[in-house]
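Reading the structure
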Amino acid sequence: MTVGSAHVGTRWVIGWDVGGAHLKACLLRDGQVFGVAQQVCPLWQGLEHLDRAVAQVLAAWPDAAGARHAVTMTGEMADCFANRQQGVQQIAERMAQHLGRRTSFFAGDHGWCGVEDAAQHWEHIASANWLATARHAAQRLGDGVLVDIGSTTTDFIAFRACRVLGTSRSDAQRLASGELVYHGTVRTPLCGVARRIRWRDTEYNVMNEFFATSADVYRLTGELNAAHDLHPSADGAAKDLPRTRQRLARMIGLDAHEGSDADWLAFAHAWRAEQVSELAGQLDRVLASHAVPAGAPLVSAGCGDFLVPSLSGALSAAQGGSTGRTCLRYGESVARVAADAPAGTKAWAQVCAPSVAVAALFDEAHADGAAAAMERPQ
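The structure contained in this document is the topic of the report that follows. Just so you know, these numbers come straight off a predicted model, no measurement behind them.

Along its length, the protein chain carries twelve helices and 14 strands. Against the 2.2 N^0.38 benchmark of 21 Å for 378 residues, the protein chain shows a C-alpha radius of gyration of 21 Å, consistent with a compact globule. Along the three orthogonal principal directions, the C-alpha set of the protein chain runs to about 75 × 45 × 40 Å. Out of the 378 residues in the protein chain, the part that is buried amounts to 54%. Of the roughly 15,900 Å² that the protein chain leaves accessible, carbon and sulfur atoms contribute 48%. Averaging the positions of the 33 positive and the 39 negative side-chain charges in the protein chain gives two centres separated by 2 Å.

So, on to the sheet that holds strand 2 (residues 22–29). Spatially, 3-2-1-4-5-6 is the arrangement adopted by the six strands of the open sheet, whose pairing is mixed. If you trace the sheet from one side to the other, it starts and ends with strand 3 (32–40) and strand 6 (112–114), each paired once. Geometrically, the sheet is characterised by an average inter-axis angle of 25 degrees between neighbouring strands, direction not taken into account. By the bridge criterion, eight bridges tie strand 2 to strand 3 in an arrangement that is antiparallel.

We now examine the state of the cysteines. For the structure shown, the criterion picks out zero disulfides. Note on Cys191: no disulfide assigned, nearest cysteine sulfur contributed by Cys303 at a separation of 19 Å. With no disulfide of its own, Cys327 lies closest to Cys303 among cysteine sulfurs, the gap being 17 Å.

The end-to-end C-alpha distance of helix 8 (residues 261–289), which contains 29 residues, comes to 42 Å, matching closely the 42 Å that a straight helix rising 1.5 Å per residue would cover. Backbone geometry just after helix 8 places Ala291 at a positive phi near 50 degrees.

Along the chain, His136 falls in helix 4 (residues 129–141). In this structure His136 comes out as buried when scored by relative accessible area, which is 4%. Apart from residues lying up to four places away in sequence, His136 is in contact with Tyr330, Val334, Ala335, Ala357, Ala360 and Leu361.

So, on to the packing of aromatic side chains. Going through the model one piece at a time under the given rule, you end up with seven aromatic pairs. With a centroid separation of 5.9 Å and an interplanar angle of 75 degrees, the aromatic rings of Phe267 and Trp271 are classed as edge-to-face. Placement of both Phe267 and Trp271 in helix 8 is noted, with a separation of four residues, approximately one turn of the helix. The pair formed by Phe267 and Trp271 is uniform in burial state, with each residue classed as buried. By way of ring pairs, the aromatic residues Trp199, Trp264, Phe267 and Trp271 are connected into one cluster. For the cation-ring pair, Arg29 lies above Phe34, with the distance from its terminal atom to the ring centre recorded as 4.3 Å.

Any two side chains of opposite charge can pair if their charged atoms end up close together. If you walk through the whole model with that rule in mind, you get 21 salt bridges. Of the charged contacts in the structure, one is a salt bridge between Asp363 and Arg11, with a shortest N-O distance of 2.7 Å. Within this pair, whereas Asp363 is found in helix 12 (residues 353–375), its partner Arg11 is found in the segment before strand 1 (12–18), the two being separated by 352 residues in sequence. Across this residue pair, the class does not change: Asp363 and Arg11 are buried. The residue Asp109 makes a salt bridge to Arg169 at a minimum N-O spacing of 3.0 Å. Here the residue Asp109 occupies a position in the loop between strand 5 (104–106) and strand 6, and Arg169 occupies one in the loop between strand 9 (163–164) and helix 5 (171–177), the gap between them amounting to 60 residues.

What follows deals with helix 1 (residues 48–60). The terminal C-alpha atoms of helix 1 lie 19 Å apart, and with 13 residues this matches the ideal 18 Å at 1.5 Å per residue to within 8%. Those residues of helix 1 lying buried are His49, Leu50, Asp51, Ala53, Val54 and Val57. The inward-facing, buried residues of helix 1 abut strand 1, strand 2, strand 3 and helix 2 (84–99).

What counts and how
Residues numbered from 1 in each chain as written. Predicted model: local features only at pLDDT ≥ 70, side-chain atom pairs only at ≥ 80, totals over all residues. Heavy atoms only, no water. Helix = DSSP H or I, 4+ residues; strand = E, 2+ residues; numbered from the N terminus. Rg over C-alpha atoms; globule rule 2.2 N^0.38 Å. Buried < 20%, exposed > 50% of the residue type's maximum accessible area, 1.4 Å probe, protein only. Areas by Shrake-Rupley, 256 points an atom, 1.4 Å probe, with all protein chains shown as cover. Lys, Arg positive; Asp, Glu negative; His and termini not counted. Charge placed at Lys NZ, Arg CZ, Asp CG, Glu CD. Pairing = 2+ DSSP bridges. Axes fitted to C-alpha atoms, helices over the stretch in contact; angles between N-to-C directions. Disulfide = S-S within 2.5 Å. Expected span 1.5 Å × (residues − 1). Contact = heavy atoms within 4.5 Å. Phe/Tyr/Trp six-rings, centres within 6.5 Å; stacked < 30°, edge-to-face > 60°. Lys NZ or Arg CZ within 6 Å of the ring centre and 35° of its normal. Salt bridge = Lys/Arg side-chain N within 4 Å of Asp/Glu carboxyl O.

So this is what it looks like as structure tokens:
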């Protein structure tokens, strides 16, 4: 997407979320979302994939060449780095090479820092994208629970009175508290979703092999948007429905021809139910640990946001059929999308929430300085 060059004196900010599998970016114009982009970025295969992805985003937004940049990340966990500290430092250096030395990095409770301070603050920069999204939602809504279901992970973050609750900050702490769950709707190996699964009238042990992923489930149920299905399938084969059924069949030692299309669709829904059950249990743990009031809404984000109503329903059923929680969408209720933004921007803001959040938080923290800089004679 090319942005208009007629906006003289416009305050541009680009927010970046550097993940291990995707690069997400948000273009903010005078505090409003004007564009969102996602590029596949298998960072574990090398930093050259980040180089390519950044170049593609910048090429799409040439008229925002003078933008300020705010970066958050989770990609420091990628296998190409010896440890997380090295990952933060190398990602920060690479982003600064592409975007300029004045690029700012989100360091959570420690605010913002430049590339020269990334090594000192690496523990606060590492995997802090969830905190940016939760803070942005808290500032806009006051009370609620962020439910960000992505391709690989899910975040459950409670907030009240415009503040994020809890003290967990690192991935390890959040895994212990239940605020981070390694379940997503694209890349999760199905052998990590359930130990036993029902097909037709029989329960089977699940094969602990990388035969299929959650993308196969939601591709078959028709809930996964093809635009978010960017990574190769488990067997490297096509993503059409016949091959999808074959991968699912492999999970219990069968072939697709041994069942009807209806059988395999029901099987996909069985996997869906298992994942919903696991996620609902983790969400309930977070709700209980923070005593989140019944009236606080669930704020959905991520490419797996279609599961959030099911999570609300599962919680309701577990509580004896009480009314489910209100579900709000980050892209509609939190992100401020410009009225003249391209079609589909709200949907992409929903999927790429951390990049939107980090851009918005940076803009709010630095808007006065940016405005003053634009007013100074050049």
